[in-house]
Amino acid sequence: MSRASSVFTIPPGENFVAALARQLLTETAGDPLALSAMLILLPTRRAARALREAFLAEANGRPLLLPRMRPLGDVDDDDPSLGDAPASDVAPAIAPLRRRLLLARLIMGLDDAQGGARTAEQAVPLGEELARLLDQVQIEELSFDDLQTLVPDDYAEHWQVTLRFLSLLTEHWPTILRSEGALDPAERRGILLATQAEAWRTTPPDYPIIAAGSTGSIPATRRLLQVVAGLPRGRLILPGLDRAMDAESREALEESHPQWGLFRLLDALEIAPHQVPLWPGTHEVPRAGLIAEAMRPAATTDAWRDLKAEAMRDSINGITRIDCPGPQDEAAVIALRLRAALEEPGKTAALVTPDRDLARRVTSALRRFGIDIDDSAGTPLTLTEPGAFLLLTAIMVAEDFAPHATLAALKHPLASGGMETSAFRRLVRRLDRDLLRGPRPAPGIAGLRNLPRVDGDFRAWLDRLDAITAPLVAALAKPTSLHAILEAHIDCAEKLAADIATDGAARLWAGDAGTTASSFVLELAEAADKDVLPPITGAGYPSLLRTLMRDAVVRPSWGKHPRLAIWGPLEARLQQADVLILGGLNEGTWPSETLADPWMSRPMRVRFGLPAPERRIGLSAHDFAQAAAAPEVILTRAERVGGTPTVPSRWLMRLDAVLAACGLDKLPRDPRWLSWHEAMDRPAETPEPPRPPAPCPPLAARPRRLPVTAIELWRRDPYALYAQRILRLRALDPIDADPDAAEYGTVVHKAFDAFLRLYPNGPLPRDAETQLLAQGEAAFGDAFARPGVWAFWWPRFQRIAHWFIEKEIERRQLLAQASTEVSGTLTFAAPGGDFIVEAKADRVDRQADGSLIVIDYKTGAVPKAKEVEAGFAPQLPLEGAIAVNGGFTDIPAGTVLALLYWQLSGGATPGKERAASAKIDANALIREALEGLSALVAAFDDPATAYQARPHPTYVPRYSDYLHLARVKEWSSGEEGE
């Protein structure tokens, strides 16, 4: 039989599996057993499932004996042969995780000069790249024998290092495979396909064999397809063959063209494209002509000048392009269009995209409508509850129960620690709120036990956690085998996942995600059972686990929606929906970016025989061409991603170029979907503009006593004072806080106070600077254990100490007494009753003539003079007022000679003295501050006066804990002053 009579094509625009099932049901209509006698070879398991569903749909629910369906791309031990050829003599394929670990061990055995890696977490990713190269070489049926001659000796040294690195695959890997009694998956698949091809060539089967949907891009698959096409009862059905391509274009084809692989297959079959008939019952659609022209080789695009507008006008019917501002908008528009398809009974719709992020966004957006959709690519295990829990527990222990890691693990929904879940949650919230705020505690559970406010109940809970995690803590405490760490980790995770009523294993491994996680753990345990890696460190275990878990994917046991789906481009090649949305059409996404080979340059790949990176673009182009020819197609893209402008996919630009060459407009745009998406979140009525909060508490609730620091806040932001002093709201300290500037300022004040109490007057000793540094060391105390304190803050203090002593020696000539950290109050009458202002002055110096100088230490920013003069930085003038009125303990009343700021930065200029104002003398500032405070108190003693948020935009606080509570960003113009 002529091969030409057994080769068909199903053109773009046809539902491939539906057309195949429909015709085979027609052919076997009179014999219910004829269909079951057939063998159908398909590219993937997903394609086999799609064909099975197509048979059921075409049969309208009547019972069928389906044909045998075998995936060419997924030959494994569960399905040992395609047809009649036995596979028992072929060694099994090595498990993927086992191969990755073995390759990582080889890499760890190399020294640095050979490109080795010191740790497993570094070696495993390199092993994955080696495995990828190994698969490419075996798929293309090449040999590593000529690898040493691939690079001349005069090439760059790093290529020589690469060759020494690749010697792992030539010198060591074959020996390891033999010891494992296994083969690489690609090699095994090639052997099985070759064995089956030879069996059918030698003894043609007496039952029909149909190979459908494959492009023959793999040599072993291509030879098998050749054999099938030559069998007496064999048929080959190609997807989307361009039968009308002119000879000039065929000569100019490159690997990036969608027809490259199909034409290579036809050349092997010695069949011309125009000799291939359409599969019975199918027909070519006008869109196919437009797609073919858009994919035309660049060298022959001059043919576009001969295109007729009439011929192309019909091809754009049913195709729409939507350019969205960003990825979120694109996902929302796609979700809205998928939802709209459900308004028509029986109508189906699908998103086709290689962009996993877009697929996840669409899945999330559809939940707004209460729709769960089936994403064929599944969900990465690391993003599921059990996968995340395994990673978080590993990180918690590996980081010695650091605050963030501990809270992340213990707040996970699966964490119950063998207790009632609600009781466990209460203890975790207490750990968060009361114990882990502020600087990091000492490492381990012991560090948590030693925290203040740990009572008996909480200590018992920590003891329980200690018992649960102790084996994993011990396993990670020193280099240990991966198998031993994994056993301890799973034991820890299961015990931590248990609640009072349910075993931890039952909770951890439940559902589709739990099943996938369990399979991954079992495979990893089996792969690591012989100490396949050298002992690994505890610090590297979480990243190693994350890397190994990366390829594990969770897929639902059944489809989530019968009429909506998300497909990858390969799945969409053989099936179709009434509405197809092709999403993520930007360069670098679809088609994906052609990354450089980590092992070989482009010329080296060519000499070695590996395909150019553009072949992947060709396969991607074929998938796009198949999907874009569907009856109703929507093409979407995001104009900006992460704030960066994007480039439209080359295929979008080519489609527009073809239409422009015909004198037609660009692809039709449909702005309605973006408008509807925006309208969904737009309120029906224009809301009133938000206004700043202005609460009016009763007079009895308003404060009658405030420190001078609060007076400044009152002037700048009354609402913040209301929240702080009346509502008594306090911001929680950050978790795992580093020593900040405020803490440093406290330490500096403490050191100066201790020094001046030793030497309040008179000359300083010769070793004054040494003594001040000693006081500084005592003030810093345990903070020295933090590297940031020692490296950053202490050198600053040393410079400040030198400046302080020099300044102090100068001041001692007129100084009678230096008083530090002195408390004082001032009481005055107000409409609502007496008001008390209080202060703790950093320093008040009494001069020999009885006058006073008030000094404020500032380790941060010093108030600007204009702020002091305007009354918005009244702290120092009010302290002067207290001094004038004798309000400070043990300091007699006196005239204030000066109000000074000492700016103690510790930088290039360690210290600097500055008067509160260069224009207004100290006594005038004091008088104005008292008048301003009296007016402020009187105003707020009126119950109608509101505590407004930031009433003076020019003088807003430098920092506030209450911005979110006041919802400043909602009503602020964004033009407030510094």
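The rules behind these values
Residues numbered from 1 in each chain as written. Predicted model: local features only at pLDDT ≥ 70, side-chain atom pairs only at ≥ 80, totals over all residues. Heavy atoms only, no water. Helix = DSSP H or I, 4+ residues; strand = E, 2+ residues; numbered from the N terminus. Core = buried A, V, L, I, M, F, W, Y, C linked by side-chain atoms within 4.5 Å. Buried < 20%, exposed > 50% of the residue type's maximum accessible area, 1.4 Å probe, protein only. Contact = heavy atoms within 4.5 Å. Phe/Tyr/Trp six-rings, centres within 6.5 Å; stacked < 30°, edge-to-face > 60°. Lys NZ or Arg CZ within 6 Å of the ring centre and 35° of its normal. 1 Å grid on protein atoms, 1.4 Å probe; cavity = no way out; pocket = protein on both sides within 12 Å on 5 of 7 lines; lining within 4 Å. Points joined across faces, edges and corners; volume = space filled by probe spheres on them. Nonpolar A, V, L, I, M, F, W, Y, C, P; charged D, E, K, R; others polar. Polar contact = N/O pair within 3.5 Å; in protein donor to acceptor, adjacent residues only side chain to side chain. Patch = residues over 30% accessible without salt bridge, like charges linked within 9 Å, V, L, I, M, F, W, Y side chains within 5 Å. Areas by Shrake-Rupley, 256 points an atom, 1.4 Å probe, with all protein chains shown as cover. Salt bridge = Lys/Arg side-chain N within 4 Å of Asp/Glu carboxyl O. Pairing = 2+ DSSP bridges. Axes fitted to C-alpha atoms, helices over the stretch in contact; angles between N-to-C directions. Parallel < 35°, antiparallel > 145°, perpendicular 65-115°, else oblique. Expected span 1.5 Å × (residues − 1). Arc of directions from axis to C-beta.

Another point: the environment of A199. If you trace the backbone, A199 turns up in helix α6 (residues 185-202). In the structure, A199 is positioned 28 residues away from V227 in sequence and 9.8 Å away in space, judged by C-alpha atoms.

Attention now goes to the nonpolar core. If you look at the biggest cluster of nonpolar residues, it comprises 97 residues, and the most contacted ones within it are L101, W173, W461 and F520. Ignoring anything within four residues of it in the chain, the contact list for F520 reads L97, L381, L545, L548, M549 and A552. Counting residues in each nonpolar core, the second largest holds 47 residues, with V868, A883, A922 and A929 among its members.

Looking now at the packing of aromatic side chains. Enumeration according to the criterion identifies 25 aromatic pairs in this entry. One aromatic cluster is present, built from ring pairs that chain together F752, F755, Y759, F780, W794, F797, W803, F804, Y857 and W902. Above the face of the Y207 ring, R68 is positioned so that its terminal group lies 4.8 Å from the ring centre. Here the basic side chain of R715 rests over the ring of F872, its NZ or CZ set 4.5 Å away from the ring centre.

Applying the stated criterion to the full structure yields six cavities of 30 Å³ or more. The space that makes up the largest cavity amounts to roughly 90 Å³. Around the largest cavity, the lining residues are T215, G216, S217, R222, E255, H257, W260, G261, R264, R615, G618 and L619. Taken together, the residues that form the lining of the largest cavity break down as two nonpolar, six polar and four charged. Breaking the lining of the second largest cavity down by element, the ones donating at least two residues are α2 (45-58) and α23 (569-573). Classifying every residue of the lining of the second largest cavity by side-chain character gives five nonpolar, three polar and three charged.

A word on the environment of R98. Topologically, R98 is positioned in helix α3 (residues 96-108). Taking the relative accessible area as the measure of exposure, R98 reaches 8% and is therefore buried. With 299 residues separating them in the primary sequence, R98 and V397 have C-alpha atoms 26 Å apart. Among residues more than four places away in sequence, those in contact with R98 are E180, E526, A527, A528, D529, K530 and V532. Here A527 takes part through its backbone oxygen, which lies 2.4 Å from a polar atom of the side chain of R98.

This part is about the side chain of R337. Relative to the elements of secondary structure, R337 occurs in helix α12 (residues 327-341). There is a polar contact of 2.7 Å between the side chain of R337 and the side chain of E632. Among residues more than four places away in sequence, those in contact with R337 are K347, V579, I581, E632, I634 and W673.

This part covers a nonpolar patch on the surface. Taken together, the side chains of L727, L729 and L965 define a hydrophobic patch exposed on the protein surface, amounting to about 220 Å² of accessible area. Residue class for L729 comes out partly exposed when judged on its relative accessible area of 34%.

So, on to the pairing of strand β6 (residues 319-324). In terms of burial, β6 is largely enclosed, as six of its six residues are buried. Along β6, one buried face is formed by I319, R321 and D323 and the opposite face, lined by T320, I322 and C324, is buried too. Taken together, the six bridges between β6 and strand β13 (residues 633-638) define a ladder with parallel strand orientation. Bridge pairing links I319 to V633 in β13.

Okay, the packing of helix α10 (residues 286-294) against helix α26 (residues 650-661) next. For the pair α10 and α26, interaxial distance at closest approach is 9 Å and the crossing angle is 105°. Put simply, α10 runs roughly perpendicular to α26. Mapping the contact onto sequence places L290, I291, E293 and A294 in α10 and R654, L655, V658 and L659 in α26. Grouping the amino acids of the contact of α10 with α26 by side-chain chemistry returns six nonpolar, no polar and two charged.

The parallel open sheet is built from six strands, whose spatial order is β6-β13-β12-β7-β11-β8. The sheet terminates laterally at β6 and β8 (374-375), the two strands that pair on one side only. Across two bridges, β8 lies against strand β11 (residues 564-567) in parallel orientation. Paired with D374 across the strands is A565, a residue of β11. Here helix α13 (residues 356-366) sits on the sheet and contacts β7 (349-352), β8 and β11; the angle it forms with β11, its principal contact strand, is near 165°.

This brings us to the sheet that holds strand β4 (residues 209-212). In a beta sheet, neighbouring strands pair by backbone hydrogen bonds and run either parallel or antiparallel. Here five strands make up an open sheet; going across it, the order is β1-β5-β4-β2-β3 and the pairing parallel. For this open sheet the edge positions go to β1 (7-10) and β3 (68-71), each flanked by a neighbour on one side alone. Looking at each pair of strands side by side, their axes are set apart by 20° on average, direction ignored. In the sheet, strand β2 (residues 39-42) pairs with β4 via three bridges, with the strands oriented parallel. Each residue of the ladder has a partner; that of I40, found in β4, is I210. Sheet contacts for helix α9 (residues 260-269): β1 and β5 (234-239); angle to β5, the most-contacted strand, approximately 155°.

Over its 17 residues, helix α21 (residues 511-527) extends 24 Å from the first C-alpha to the last, a length consistent with the 24 Å expected when each residue adds 1.5 Å. Within α21, the full set of buried residues consists of A513, G514, T516, A517, F520, V521, L524 and A527. The arc enclosing the buried residues of α21, seen along the axis, measures out at 160°, which places them on a common side. What points out from α21, more than 90 degrees from its buried face, is the exposed set L522 and E526. Looking at the buried side of α21, the elements it contacts are α3, α14 (385-398), α19 (482-497), α20 (504-508), α22 (541-549) and β10 (553-554).

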